[in-house]
Amino acid sequence: MTFVMMRFVLMIFVLMRFVLMTFVLMRFVLMTFVLMRFVLMTFVLMRFVLMTFVLMRFVLMTFVLMRLGVQVHAFCGAKTGKPWDERFPVRKEDVTPDKKGGSRKMAQVLPENIVAPTGVYHRAGKGWEPLHRVTKKYIHVPEMVPEFVVPDLTGFELKPYVSYKAREITQLPLTPQDIFKNVYAEEIKSSFEKGELKIDDNNIVLANGKKISIDQ
């Protein structure tokens with residue numbers, strides 16, 4: 001009986017140890033699950049922070065682009081509904097047919113001469129006004145007035161400017177024979193070879209109908 005009792009106690013001890021080990025294993029699994037959940041929550045939080053940062057960057061870039069767009073519109077005069085800046089009017093020579101996008105009709109519509117502004121301008125409402133934003137007065141800037149300084153050449157024998165780098169050319173004076181050879185000789189020779197040279201009184205009639213006076 002003692003042996004059976006001891007065996008029974010040993011079996012109970014083994015069973016309790018198995019239950020304890022099972023409990024420890026379950027606790028370990030639970031701790032692993034909690035740790036994995038913590039890692040997952042950390043990853044979600046990091047993703048949320050990253051998305052917040054991206055959203056803030058997008059909002060900042062949108063604000064910068066909107067501000068830049070307002071500045072571009074203000075500079076180009078887009079608020080006035082015109083594709084040019086009112087501070088610098090379009091001139092006739094800017095829209096001539098030889099310019100890109102220009103035409104004769106556009107050039108005819110614009111005035112001949114446009115006097116450029118010679119003072120301080122500022123934006124007021126939808127356009128530009130020639131008044132200072134503080135003093136409300138027109139401020140004339142003498143440096144903006146074109147000034148042509150032309151010397152008085154009365155009695156001055158102006159000679160053409162020749163660069164010192166120009167090569168020296170020696171040319172004999174032209175004679176009547178040289179002029180005849182360079183101007184008429186080739187045409188007379190061509191008409192004579194074609195048999196179309198005619199004599200009319202004191203004139204030589206070439207193939208193209210041109211007349212040359214013999215007296216000349």
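Residues numbered from 1 in each chain as written. Predicted model: local features only at pLDDT ≥ 70, side-chain atom pairs only at ≥ 80, totals over all residues. Heavy atoms only, no water.

Structural notes on the overall build of the protein chain
Here is step 1 of the chain: Across its full length, the protein chain holds three helices and five strands.
Here is step 2 of the chain: Within the protein chain, buried positions represent 8% of all 216 residues.
Here is step 3 of the chain: By sequence separation, contacts in the protein chain at least 24 residues apart represent 19% of the contacts at least 6 residues apart. (Helix = DSSP H or I, 4+ residues; strand = E, 2+ residues; numbered from the N terminus. Buried < 20%, exposed > 50% of the residue type's maximum accessible area, 1.4 Å probe, protein only. Contact = heavy atoms within 4.5 Å.)

Remarks on the confidence of the model for the protein chain
Predicted coordinates in regions of low pLDDT should not be interpreted in detail.
Here is step 1 of the chain: Within the protein chain, residue pLDDT values average 77, and 78% of them lie at 70 or more.
Here is step 2 of the chain: Mean pLDDT across the elements of the protein chain ranges from a minimum in strand S2 (residues 127-129), with 58, to a maximum in helix H1 (residues 2-76), with 83.
Here is step 3 of the chain: Per-residue pLDDT stays below 50 along residues 75-79; that stretch engages in 13 contacts with residues further than four places along the chain or on separate chains. (pLDDT = per-residue confidence, 0-100.)

A look at helix H3 (residues 176-194)
Here is step 1 of the chain: Counted at 1.5 Å a residue, the expected span for H3 with its 19 residues is 27 Å, and the 26 Å between its end C-alpha atoms agrees.
Here is step 2 of the chain: The largest bend in H3 is about 50°, located at Tyr 184.
Here is step 3 of the chain: Phi turns positive one or two residues past the end of H3, at Gly 195, with a value near 75°. (Expected span 1.5 Å × (residues − 1). Bend = angle between axes of the 7 residues up to and from the residue.)

Side note on the sheet that holds strand S4 (residues 203-205)
Here is step 1 of the chain: Spatially, S3-S4-S5 is the arrangement adopted by the three strands of the open sheet, whose pairing is antiparallel. Strands at the two margins of the open sheet, each flanked by one partner only, are strand S3 (198-200) and strand S5 (211-213). Going from strand to strand, the sheet's axes swing by 30° on average, the running direction of each strand aside.
Here is step 2 of the chain: Examined bridge by bridge, S4 and S5 share three bridges and lie antiparallel to one another. The partner of Ile 204 across the bridge, within S5, is Ile 212. (Pairing = 2+ DSSP bridges. Axes fitted to C-alpha atoms, helices over the stretch in contact; angles between N-to-C directions.)

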